[in-house]
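Residues per chain are reported as follows:
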Amino acid sequence: MAANGVPTPKSPLARIVTQKQQNGISHGDGGKTVKAQTIDELHSLQKKKSAPTTPLDGAQGAFASMSDDERQKQQLKSISASLASLTRETGPKLVKGDPAKAQSGARVAHHHHVEAPTISVSDSALKFTHVLYNLSPGELYEQAIKYEKGSFITSTGALATLSGAKTGRSPRDKRVVCDDTTKDELWWGKGSPNIEMDEQTFLVNRERAVDYLNSLDKVFVNDQFLNWDPKNRIKVRIVSARAYHSLFMHNMCIRPTPEELENFGTPDFTIYNAGQFPCNRFTHYMTSSTSIDLNLARREMVILGTQYAGEMKKGLFSVMHYLMPKRQILSLHSGCNMGKDGDVALFFGLSGTGKTTLSTDNNRYLIGDDEHCWSDAGVSNIEGGCYAKCIDLSKEKEPEIWNAIKFGTVLENVVFDEHDREVDYADKSVTENTRAAYPIEFIPNAKIPCVGPHPKNVILLACDAFGVLPPVSKLTMAQTMYHFISGYTALVAGTEDGIKEPTATFSACFGAAFIMLHPTKYAAMLAEKMQKHGATGWLVNTGWSGGSYGYGSRIKLPYTRKIIDAIHSGSLLNATFEKTEVFGLEIPTEVEGVPSEILRPENTWSDKKAYKDTLLKLGGLFKNNFETFTNYKIGTDNKLTEEILAAGPQF
Ligand SMILES: Nc1ncnc2c1ncn2[C@@H]1O[C@H](COP(=O)(O)OP(=O)(O)OP(=O)(O)O)[C@@H](O)[C@H]1O
Ligand SMILES: O=C([O-])CC(=O)C(=O)O
Ligand SMILES: [Ca+2]
Ligand SMILES: [Mn+2]
């Protein structure tokens, strides 16, 4: 009994003693001892060898009938070929495994290297490069924490990393090789993301990247897949210098099974990520120290001067935007989910408009959050993971994303408490573009394999910081095309310096930075598929209401979710609609769970003249932007083109 009269709880220590006396079993150290005589022996017990990865009987493919030893040799040969200098004609000498473990006996068994050249033409031919091949998240965590400054485990087990000086993509530093084929095939010139470079310059940068990578003690190699549609799966190899990059791609691409990996063979596309090393600004076409170079003929991409991992993700997306349309498959910058009854919705939108947030919906199956294909067989996700924005992330509003931030997840550029490692998602000290990259199966209702039937609804998201677009409107086919080609959003960058004018962004196909062909090619395919499968188009404003940025406020996420629910359920199709002036949009008079007065933007503005002026201003921006597209024909006849032009703002 304590002095204050409250009974003292029994200490936990005391309880253990009591139990020990009761059942007579010792919990002390005097029991069994481990079967090891030395510390080294003890450590050798800790890690058991991975199970053999391929059952050889009945297996097909190039590597099927090989011994483990032979298979390892082939694999290193393939990687050495990937890393070969184009001027010295030989690949580097490769060793599998971590160089830090070079002293241990275990490594000797893996010490296969490709045949040494008869004449050593340079010092680089005399050294070995260690290959860390398709490491597991646990192994990559250890590599990152040991060797990469800025790598830490957060309180929920995610790997916090820093992407370096670049915390977003560098679209102005993206170059595409213009050769006899791509010159006619790709979209070049005004508005196009494809800034040209020649083959020779590509080779200069490639050599620079390969030499940099080969100068290192170790490189990471990921062999993975893109596209869940088995008929149109693409094999990709990513060579990088950072565990951060390897874990990011492990999460974002489709992870092969051990069997698929054994039979991987030659990749269809290879990325050389030498992002820590700059490009040489004396090189032709280079306008900064950063260069992201795509060579479609060689099926290679080189990254110099930026460590932002999103370059790899979106670089591969560009490649898909080239390869898939060649097969009559439409590639889409969209999220995608499916209801319990199999109704599929696509969510288009520029960065930050809500693709990831709204496709992650606990009442529906997630097919993917950012990149999809629409073929004759239906939709398929290109990726194996999601890349969610984390700024102001809250457990209440986005529980599925919150819970996905756990062991295995890469958390980029977030700020956390140095002691308890709790992440402060509101902190923008490093960047506003904080991100989490996690495997899609971290979302409990992910649909694996990530494929689905033809879409029923096509939802175009715009975050309209002008506050004049309605929270939801139903689109005609021509309007859907008009808004798809326009690709509008308006965000406000920073809030530090007080009120700033929202700036309109127009990005064709809601992803001009990634498309390779002229936007009308994708638009024509979308129109054809929507018509054929009877999909309905919707425009959803996830941005401002009640005034522009600084006066109104962002539409509450729960309201947007209600709107999306009504689209999915089909109830919104049967609503009563009213047409708006200028944009001619059909807006419902009622949506369940949403205050009716916010559905018509002018109702929410106290200054009606300001509303009208802002509406006309935005209409004008749309008109100006669309001028570049008025000369192009969409579809087989000119009818759709004329309809699309008429579907824009009229005033
Ligand atoms: N009404 C709303 N609807 C959707 N998102 C909202 C809304 N209000 C606030 N948000 C916030 O806006 C952000 C939407 O970002 P999201 O990650 O979904 O973008 P995204 O379209 O996937 O972009 P990216 O292509 O860059 O990944 C989230 O941080 C979300 O919390
Ligand atoms: O690519 C990135 O870095 C993020 C993203 O998804 C986008 O911008 O569409
Ligand atoms: Ca996203
Ligand atoms: Mn995206």
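This one's a predicted model, so the numbers in the text were calculated from it and none came from an experiment. (Residues numbered from 1 in each chain as written. Chains lettered and ligands numbered in written order. Predicted model: local features only at pLDDT ≥ 70, side-chain atom pairs only at ≥ 80, totals over all residues. Heavy atoms only, no water.)

1. Some details on the sheet that holds strand β12 (residues 330–332)
Next, step 1: Judged by pairing direction, the sheet is antiparallel, and its 4 strands sit side by side in the order β12-β16-β17-β23 without closing on themselves. Taken across any chain shown, the strands that pair with only one partner, and hence form the sheet edges, are β12 and β23 (451–452).
Next, step 2: On the sheet, helix α10 (residues 310–326) packs against β12 and β16 (372–375) and is oriented at approximately 160° with respect to β12. (Pairing = 2+ DSSP bridges. Helix = DSSP H or I, 4+ residues; strand = E, 2+ residues; numbered from the N terminus. Contact = heavy atoms within 4.5 Å. Axes fitted to C-alpha atoms, helices over the stretch in contact; angles between N-to-C directions.)

2. A word on helix α14 (residues 519–533)
Because each turn of an α-helix spans 3.6 residues, side chains separated by three or four positions in sequence point in the same direction.
Next, step 1: Compared with an ideal rise of 1.5 Å per residue, which puts 15 residues at 21 Å, α14 spans 21 Å between its outermost C-alpha atoms and is within 8% of the ideal.
Next, step 2: Directly beyond the C-terminal end of α14, a positive phi value near 65° is found at G534. (Expected span 1.5 Å × (residues − 1).)

3. Description of the coordination of the manganese ion (ligand 4)
Next, step 1: Surrounding the manganese ion (ligand 4) are the protein donor atoms K314 (NZ), H333 (NE2), D370 (OD) and D370 (OD), at 2.3 to 2.7 Å.
Next, step 2: Spacing between the donor residues of the manganese ion (ligand 4) along their common chain follows K-x18-H-x36-D.
Next, step 3: If you look at the manganese ion (ligand 4) and the calcium ion (ligand 3), they sit 4.8 Å from each other. Taken together, the positions of K314 in helix α10 and D370 in the loop between β15 (365–368) and β16 put the pair 56 residues apart, joining distant regions of the chain. Here K314 matches D370 in class, with each residue buried. (Donors = N, O, S within 2.8 Å, 3.2 Å for Na, K, Ca; no water. Buried < 20%, exposed > 50% of the residue type's maximum accessible area, 1.4 Å probe, protein only.)

4. Comments concerning the pattern of salt bridges
Next, step 1: Taken as a whole and judged by the stated rule, the model has 21 salt bridges.
Next, step 2: Among the ionic pairs, K314 bridges to D370, the shortest N-O distance being 2.6 Å.
Next, step 3: Classification of K314 as buried rests on a relative accessible area of 9%.
Next, step 4: A salt bridge links K612 to E581; the nearest nitrogen and oxygen atoms lie 3.5 Å apart. Of the two residues, K612 is situated in helix α17 (residues 608–626) and E581 in the loop between β31 (577–579) and β32 (586–588); the sequence distance between them amounts to 31 residues.
Next, step 5: Relative accessible area serves as the criterion here: at 31%, K612 is assigned to the partly exposed category. (Salt bridge = Lys/Arg side-chain N within 4 Å of Asp/Glu carboxyl O.)

5. Regarding the side chain of T353
Next, step 1: Looking at the element boundaries, T353 is found in the loop between β14 (344–349) and α11 (355–359).
Next, step 2: Reaching out from T353, the side chain makes a polar contact with the backbone oxygen of L350 at a distance of 2.6 Å.
Next, step 3: When residues no more than four places from it in sequence are discounted, the contact partners of T353 are L461, A462, C463, T489, T542 and R554. (Polar contact = N/O pair within 3.5 Å; in protein donor to acceptor, adjacent residues only side chain to side chain.)

6. As for the sheet that holds strand β19 (residues 410–412)
Next, step 1: In space, the 5 strands of this open sheet follow the order β3-β4-β19-β22-β18, with mixed pairing throughout. On the outer flanks of this sheet lie β3 (152–153) and β18 (385–389), each paired with one strand and no other.
Next, step 2: Relative to strand β22 (residues 435–439), β18 runs antiparallel, the two sharing 5 bridges. Each bridged residue has a counterpart across the sheet, and for G385 the counterpart in β22 is P439.

7. What about the nonpolar core?
Nonpolar side chains in soluble globular proteins tend to end up buried together.
Next, step 1: F348, L411 and Y438 are the most contacted members of the largest nonpolar core, which has 130 residues in total.
Next, step 2: Here this core gets 8 residues from one element, more than from any other, and that element is α10.
Next, step 3: A domain-level breakdown of this core finds at least three residues from each of domain 2 (171–333 + 370–451) and domain 3 (454–479 + 495–646).
Next, step 4: By size, the runner-up hydrophobic cluster in this structure holds 25 residues, among which are L76, Y133, A209 and Y212. (Core = buried A, V, L, I, M, F, W, Y, C linked by side-chain atoms within 4.5 Å. Domains from an automatic or database assignment.)

8. Thoughts on a nonpolar patch on the surface
Next, step 1: A grouping of V34, I39, L42 and L45 is seen on the molecular surface, where their side chains present a nonpolar patch of about 370 Å² in accessible area.
Next, step 2: Here L45 is to be found in helix α2 (residues 39–46). (Patch = residues over 30% accessible without salt bridge, like charges linked within 9 Å, V, L, I, M, F, W, Y side chains within 5 Å. Areas by Shrake-Rupley, 256 points an atom, 1.4 Å probe, with all protein chains shown as cover.)

9. Thoughts on the pairing of strand β9 (residues 269–274)
Next, step 1: β9 sits mainly inside the fold: 6 of its 6 residues count as buried.
Next, step 2: Burial along β9 is two-sided: the face carrying F269, I271 and N273 and the face carrying T270, Y272 and A274 are both buried.

10. Details of the domain arrangement of the protein
Next, step 1: The assigned domain composition of the protein is domain 1 (66–132), domain 2 (171–333 + 370–451) and domain 3 (454–479 + 495–646).
Next, step 2: Each of domain 1 and domain 2 has a C-alpha centre, and these two points are 26 Å apart.
Next, step 3: Taken residue by residue, the interface counts 19 residues in domain 1 and 20 residues in domain 2.
Next, step 4: A combined buried area of about 1,700 Å² lies between domain 1 and domain 2, and 50% of that area is made up of carbon and sulfur atoms. (Buried area = accessible area lost by both parts, 1.4 Å probe.)

11. Quick word on the site of ligand 1
Next, step 1: Taken together, 20 residues lie near ligand 1, and S351, K355, T356, E398 and R435 sit nearest.
Next, step 2: Within the backbone of T357, one N or O atom sits 2.9 Å away from an oxygen atom of ligand 1.
Next, step 3: D370 places a polar side-chain atom, nitrogen or oxygen, 3.2 Å from an oxygen atom of ligand 1.
Next, step 4: Taking 650 Å² as the accessible area of ligand 1 by itself, protein coverage stands at 90%.
Next, step 5: Elements that contribute at least two residues to the shell around ligand 1 include exactly α11, β18 and α15 (557–569).
Next, step 6: Considering each element in turn, the shell around ligand 1 owes the most residues, 3 residues, to α11.
Next, step 7: Of the residues belonging to the shell around ligand 1, the class tally is 4 nonpolar, 9 polar and 7 charged.
Next, step 8: Two domains share the shell around ligand 1, each providing at least three of its residues, namely domain 2 (171–333 + 370–451) and domain 3 (454–479 + 495–646). (Near = heavy atom within 4 Å. Nonpolar A, V, L, I, M, F, W, Y, C, P; charged D, E, K, R; others polar.)

12. Brief notes about the packing of aromatic side chains
Next, step 1: Tallied over the full model, the rule gives 19 aromatic pairs.
Next, step 2: Both rings, one in F225 and one in F264, keep their centres 5.6 Å apart while their planes meet at 35°; by these two values the pair is tilted. Here F225, found in strand β7 (residues 218–226), pairs with F264, found in the loop between α9 (258–262) and β9; they are 39 residues apart in sequence, far enough to count as distant.
Next, step 3: F264 sits in the buried class, given a relative accessible area of 2%. (Phe/Tyr/Trp six-rings, centres within 6.5 Å; stacked < 30°, edge-to-face > 60°.)

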